[in-house]
Amino acid sequence: MKEDKTNRLIHKSEQLEDFETLRLQSDPDSQQHKPFRFFNSADCLSGNPILYRRRDFFKVSLLKGEYIVHYGDESIKAFGCSLSFFSPWVPYTITQLKEEENAGYMIFTELYYNTYFNQTIRQSPLFDNESKPIFLLDEHQEKEVKAIFSKIERQEQSDYPFKDDLIRNHLNELIHYANMLQPATERHHALSSKERLHSIFHELLDRQFPVDIRRHKPLRTASDFAETLNVHVNYLNRVLKEMTGKSTSEILYERLLRESIILLKHTNWSISEIAYSLGFKDLSHFNHFFRRQANVTPSYFRN
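Just so you know, these numbers come straight off a predicted model, no measurement behind them.

## Here's the deal with the overall build of the protein chain
Across its full length, the protein chain carries 13 helices and 5 strands. Taking all 303 residues of the protein chain together, 46% fall into the buried category. The long-range fraction of contacts in the protein chain, counting pairs at least 24 apart against all pairs at least 6 apart in sequence, stands at 73%. For the protein chain, the exposed area adds up to about 16,100 Å²; of that, 48% sits on carbon and sulfur atoms.

## Section: helix α6 (residues 163–179)
What sets the pattern is the α-helix's 3.6 residues per turn: residues three or four places apart point alike. Between its terminal C-alpha atoms α6 stretches 24 Å, which fits the 24 Å expected from 17 residues at 1.5 Å a residue. When we look at burial in α6, the residues that qualify are Ile-167, Arg-168, His-170, Leu-171, Asn-172, Leu-174, Ile-175, Tyr-177 and Ala-178.

## So, the pairing of strand β2 (residues 58–71)
Consecutive residues of a regular strand have side chains that alternate between opposite faces of the sheet. Counting buried positions along β2 yields 12 of 14 residues, so the element is predominantly enclosed. Looking at chain direction, β2 and strand β3 (residues 74–86) are connected through 13 bridges and run antiparallel. Across the sheet, residue Tyr-67 finds its bridge partner in β3, namely Ala-78.

## Comments concerning the pattern of salt bridges
Going through the model one piece at a time under the given rule, you end up with 10 salt bridges. For Glu-142, the salt bridge goes to Lys-146, with nearest N and O atoms at 2.9 Å. One end of the pair is Glu-142 and the other is Lys-146, both in helix α5 (residues 139–156) and 4 residues apart, which spans about a single turn. The closest approach of N and O atoms between Arg-168 and Asp-165, which form a salt bridge, is 3.1 Å. Residue Arg-168 and its partner Asp-165 are located together in helix α6, separated by 3 residues, close to a single helical turn. According to the relative accessible area criterion, Arg-168 is buried, its value standing at 10%. Under the relative-accessibility criterion, Asp-165 is labelled partly exposed at 28%. Connected via shared salt-bridge partners are Lys-64, Glu-142 and Lys-146.

## Section: the environment of Glu-139
With respect to the secondary-structure elements, Glu-139 resides in helix α5. Given the relative accessible area of 71%, Glu-139 is considered exposed. Measuring from C-alpha to C-alpha, the distance between Glu-139 and Cys-81 comes to 8.5 Å, with 58 residues separating the pair along the chain.

Criteria and thresholds
Residues numbered from 1 in each chain as written. Predicted model: local features only at pLDDT ≥ 70, side-chain atom pairs only at ≥ 80, totals over all residues. Heavy atoms only, no water. Helix = DSSP H or I, 4+ residues; strand = E, 2+ residues; numbered from the N terminus. Buried < 20%, exposed > 50% of the residue type's maximum accessible area, 1.4 Å probe, protein only. Contact = heavy atoms within 4.5 Å. Areas by Shrake-Rupley, 256 points an atom, 1.4 Å probe, with all protein chains shown as cover. Expected span 1.5 Å × (residues − 1). Pairing = 2+ DSSP bridges. Salt bridge = Lys/Arg side-chain N within 4 Å of Asp/Glu carboxyl O.

Written out as structure tokens, the structure is:
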């Protein structure tokens, strides 16, 4: 079956230009794309959710709180302060459980690093396919890493003509510092495959909302989610039933009803527009769904 646009986005690598357009809300034709960018705490908190996918750039994040990092085929719980490195070859996303503070993150292209050093970034042990470069930091390590982040941020904002040379030096210092640390996977038990599927399903479900009136064919059925997650729908049902006591469809129906109520209460969209944005084939299907779930029609509820 041909995947819809949403499904294709899961498997398509995010380009640096896509990232700038989404995160910075910039016109893709209006500016020259930078091979390095630093984002501080405010940028992180105001950003859009991170889709589980590959990118065509590297990313280094310094987080503090409770997180689940979905990295390749593994999900890793991170508590306290964590330093994470993400390569273009491994899909990833981050689920925030409890955030205390966020020191920021930086993204950069492979060429940005390699034009300065004789050894390419691919040769770093951090970015081989076997490693899980997520590190939990103690107080001393946190202080040292934050100091490097601060130096990078200051240079990125400066007018010094050779600032990129300094940034690359600090970035290289950070990579070598991390090479001496112990990965979080050796200190904390990773999620089981069922826990990981449960977590990514709910994150994928959360990413469907809020809906856009211009958006067509969101993931709406158990089969849609199972196909996107590359599992059989029966297996997805079993795992969610075991973890939550509810089937995939029950979870989806509850969320669709909740979002329907929000749109009926707080938007001036027509009921047809609401049905369309939520992925229903037509108004009659939406009316039937809403009446079955809420015991009233959408128009009666709105009025």
